[in-house]
Amino acid sequence: MQIYLPIAEVSVNIFLLLGLGGLVGVLSGMFGVGGGFLMTPLLFMIGIPPAVAVATEANQIVASSFSGVLAHFKRKTVDVKMGIVLQIGGLIGATIGVWVFKYLKSIGQVELLVTISYVVFLGLIGSLMFVESLNAIRKSKKPGARPRKKRHNWIHGLPFKMRFRTSGLYISVIPPILVGLLVGILAAIMGVGGGFIMVPAMIYLLGMPTKVVVGTSLFQIIFVTAYTTLSHATQNFTVDAVLAVILLTGGVIGAQIGARIGVKLKAEQLRILLAILVLAMCGKLAMDLLLMPSELYSIGSVGGH
Amino acid sequence: MIRILTMIVALFAAPLAAQETVIVDLSQNRVAITANFAGSEIFVFGAVKRDAPLAEDIAPLDVAIVVEGPLEQTVVRKKDKTLGIWVNTQSVDIISAPSFFSVATTRPLDEILNVGDRTDFAIGLDHAVRRQANEDPGIDMQAFSEAVTRIRVNNGLYSEREGIINLTAETLFDASIQLPANLVEGDYTARIYLIRDRNIVADASVDITVRKEGLERWLYNLAHEQALLYGLLSLLVALVAGYGASEIFRLLRR
């Protein structure tokens, strides 16, 4: 069944969209990532104009993250305090990111820089997580292996310490604010929620327990993507409500299923799966840059409508 | 303007022949884009009116129909390999290219019409994209124009179909023009040309209005006129859907 999207101005199969929404929703619920880094390229592939895809995707992530975070709230795996601290950095970062994005646009080649930053960050984070979780699985299989000691590094020497009960941490607020800031900048430039950067940052930089990380990341993503949605809706008029509703119908259901699959898997398995996913998308984007495209030319519109 | 030119051309082209005029109608002058719009079809049918019988030795009649969407400005970018990766290096502003372009003919265009008229009246795929006057000598403009046509042919937005017009007794003709699902709203025109001896002898033009309607219209207007409200409503829908799914799954698990 075909449906005509009023803002994107294309007709697409409704079941294809529901399926894509559902698939990305499952991943979102499992890993605490918004799924934007997967969904946005998928939407390009089925012929949605890039500007509409990025803006609408942000709106869809609001829904799937909200659905996911409710499931996590019930299990008390959301560190609200940490989420708010990250958020403070995130909003500052998003504002800087929007500014950087506009600057890159004015000097041209913004598309290229977005793709390169995807490849670099996905590649870096994917490989780190892959190696780390592989080691963790190997260790846990060895009989008599000692559990790793809690890391005590320079982060614990910083001032403005705060107690995060849910995460079981007593650390300075400076690292979470910096992490939020960095993720905010990248999220605005790359047009995603930033969960795929946030999740490993919380695990490896802040030392938060994996179970809490997912819920807290989702909690944080809601606000970043809501802010992005409103910016796109008021400045570029590129949020397609019909597309968003179809995607989020699939997405919210998927997120619920994903959250339940996530509980059943071990933390290391969860991480290695996310790592493989991140690396796969990285490889796909790298190929786009390296291989000769089948069509060298592309059509863009001048100043929208 | 086109009509006046055509009439002048027609007068010079066939000064001694019987005067012919074309009468055309369409199955629909209004195309409504609604939520379940999946493309449409327009039937063009017409008749040739003559003030005198045809001469015995006159060249056979041919018909060309051009259905065209609103002319738009677009920018075309070309990728080249730089430092091992494929990057957009050149870009060209195409001043005027129709959003939709479909040509139907009785026979192959190059067999029935002279090149000058094909260019002047934009009849044929190779004339869909209007070239700009001030061309950069360092850039192959032809390649960029061809790229627009090629990409849009692949998208189903541009087409040229030879021999699909049914012409009966050199008097009655009809053809069906397919409108794809990725149609953009705007003011479209259907131009009909009667051709004899490689020259246009008569023409007519009919307007087609393509508009979003119902929910599509409402959302499109809201998004452009009440952008903040639209954005907030989109967020509200997202939150309600997220909450709804969470609650439904909670109930299902009991």
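As the structure is a prediction and not an experimental result, all values here were calculated from the model.

J.: Outline the overall build of chain B, supporting the account with residue identities and numerical values.
T.: Secondary structure assignment for chain B yields 6 helices and 12 strands. Going through the 254 residues of chain B one by one, you find that 34% of them count as buried. Within chain B, contacts between residues separated by at least 24 positions form 71% of all contacts whose residues are at least 6 apart in sequence.

J.: Now, about the packing of helix 1 (residues 14–31) of chain A against helix 9 (residues 241–264) of chain A: what can you tell me, with residues and values included?
T.: Residues and elements named next belong to chain A. Put simply, helix 1 and helix 9 touch, their axes get as near as 6 Å, and they point 35 degrees apart. Both helix 1 and helix 9 take part in a crossing whose hand is right-handed. Of the residues in the contact of helix 1 with helix 9, the class split is 18 nonpolar, 13 polar and no charged.

J.: How would you explain helix 5 (residues 215–225) of chain B if you had to name every residue and give the values?
T.: Residue and element names in this part refer to chain B. Three or more residues of helix 5 are buried, namely Glu-216, Leu-219, Tyr-220 and Ala-223. All buried residues of helix 5 fall inside an arc of 100 degrees around its axis, so they share one side. Of the exposed residues in helix 5, those oriented more than 90 degrees away from the buried face are Trp-218 and Glu-225.

J.: Could you give an account of the nonpolar core, with specific residues and numbers?
T.: As a rule of thumb, soluble globular proteins bury nonpolar side chains together. Counting 151 residues, the largest nonpolar core has Leu-5 and Val-278 of chain A together with Val-63, Ala-64, Ile-65, Ile-123 and Ile-195 of chain B as its most contacted members. Per-domain counts for this core show at least three residues from each of domain 1 (2–213) and domain 2 (214–254) of chain B. Sequence-distant contacts of Ile-195 of chain B, defined by excluding residues within four places in its chain, comprise Asp-62, Val-63, Ala-64, Ile-112, Leu-113, Ile-200 and Val-201 of chain B.

J.: Break down the interface of chain A and chain B for me, citing the residues and quoting the values.
T.: Contact with chain A, which involves 47 residues of that partner, is made by 46 residues of chain B. Contributing elements (two or more residues each) for the side of chain A that touches chain B: strand 1 (2–5), strand 2 (10–13), helix 3 (50–74), helix 5 (110–141), helix 8 (210–235), helix 9, helix 10 (267–290) and strand 5 (297–301) of chain A. Examining the composition of the side of chain A that touches chain B, we find that 9 residues originate from one element, helix 9 of chain A, more than from any other. Split into classes, the residues belonging to the side of chain A that touches chain B amount to 31 nonpolar, 13 polar and 3 charged.

J.: Requested: an account of the sheet that holds strand 11 (residues 186–196) of chain B, with residues and values cited.
T.: Residues and elements named next belong to chain B. Strand order in the open sheet formed by 6 strands is 2-12-11-4-7-8, with mixed pairing between adjacent strands. Across the chains shown, the open sheet's two edge strands, defined by having one partner strand only, are strand 2 (30–33) and strand 8 (158–161). Direction aside, neighbouring strands of the sheet carry axes that sit 15 degrees apart on average. In the sheet, strand 2 pairs with strand 12 (residues 199–212) via 4 bridges, with the strands oriented parallel. Looking at strand 12, one finds that Ile-33 is bridged to Lys-212.

J.: Can you lay out the confidence of the model for chain A for me, pointing to particular residues and giving the numbers?
T.: All names here are of chain A. Summarising the model, chain A shows a mean pLDDT of 78, and 87% of its residues fall at 70 or more. Confidence, read as mean pLDDT per element, is least for strand 5 in chain A (70) and greatest for helix 1 (84). Between residues 144–149, whose pLDDT stays under 50, and residues either more than four places distant or in other chains, the model counts 2 contacts.

J.: Could you give me a rundown of the packing of helix 3 of chain A against helix 8 of chain A, with the residues and numbers involved?
T.: Residue and element names in this part refer to chain A. One can describe the packing of helix 3 onto helix 8 by two numbers: an axis separation of 8 Å at closest approach and a directional angle of 150 degrees. One finds that helix 3 runs roughly antiparallel with respect to helix 8. Both helix 3 and helix 8 take part in a crossing whose hand is left-handed. Only Val-214, Gly-215, Leu-218, Phe-219, Ile-221, Ile-222, Thr-225, Ala-226, Thr-228, Thr-229 and His-232 of helix 8 make contact with helix 3, whose side of the interface consists of Ala-55, Ala-58, Asn-59, Ile-61, Val-62, Ser-65, Phe-66, Gly-68, Val-69 and His-72. For the contact of helix 3 with helix 8, the class distribution of residues is 12 nonpolar, 9 polar and no charged.

J.: Provide a residue-level description of unusual backbone geometry, including the pertinent values.
T.: Residues and elements named next belong to chain B. We note that Ala-122 has phi near 50 degrees; this positive angle belongs to a residue other than glycine. Following the sequence through the fold, Ala-122 ends up in the loop between helix 3 (115–120) and helix 4 (141–154). In this structure, Asp-197 is a non-glycine residue whose phi angle is positive, near 55 degrees. With respect to the element layout, Asp-197 can be found in the loop between strand 11 and strand 12.

J.: Describe the confidence of the model for chain B, with residues and values.
T.: All names here are of chain B. The share of residues in chain B with pLDDT of 70 or more is 89%, and the mean pLDDT across the chain is 80. Of all secondary-structure elements in chain B, the lowest mean pLDDT belongs to helix 1 (residues 2–13), at 58, while strand 7 (residues 101–105) reaches the highest, 89. Scored as a whole, the predicted complex attains pTM 0.72, and scored at its interfaces, ipTM 0.74.

J.: Quick one: what's the story with the environment of Gly-207 of chain A, residue by residue and with numbers?
T.: Residue and element names in this part refer to chain A. With respect to the helices, strands and loops of the structure, Gly-207 is situated in the loop between helix 7 (195–205) and helix 8. Residue class for Gly-207 comes out partly exposed when judged on the 18 C-beta atoms lying within 10 Å of it. Counting along the chain gives 36 residues from Gly-207 to Leu-243, while the straight-line C-alpha distance between them is 38 Å.

Analysis parameters
- Residues numbered from 1 in each chain as written.
- Chains lettered and ligands numbered in written order.
- Predicted model: local features only at pLDDT ≥ 70, side-chain atom pairs only at ≥ 80, totals over all residues.
- Helix = DSSP H or I, 4+ residues; strand = E, 2+ residues; numbered from the N terminus.
- Buried ≥ 20, exposed ≤ 12 C-beta atoms within 10 Å, placed from the backbone.
- Contact = placed C-beta atoms within 7 Å.
- Axes fitted to C-alpha atoms, helices over the stretch in contact; angles between N-to-C directions.
- Left-handed = near helix turned anticlockwise from the far one by under 90°.
- Nonpolar A, V, L, I, M, F, W, Y, C, P; charged D, E, K, R; others polar.
- Arc of directions from axis to C-beta.
- Core = buried A, V, L, I, M, F, W, Y, C linked by C-beta atoms within 7 Å.
- Domains from an automatic or database assignment.
- Pairing = 2+ DSSP bridges.
- pLDDT = per-residue confidence, 0-100.
- Parallel < 35°, antiparallel > 145°, perpendicular 65-115°, else oblique.

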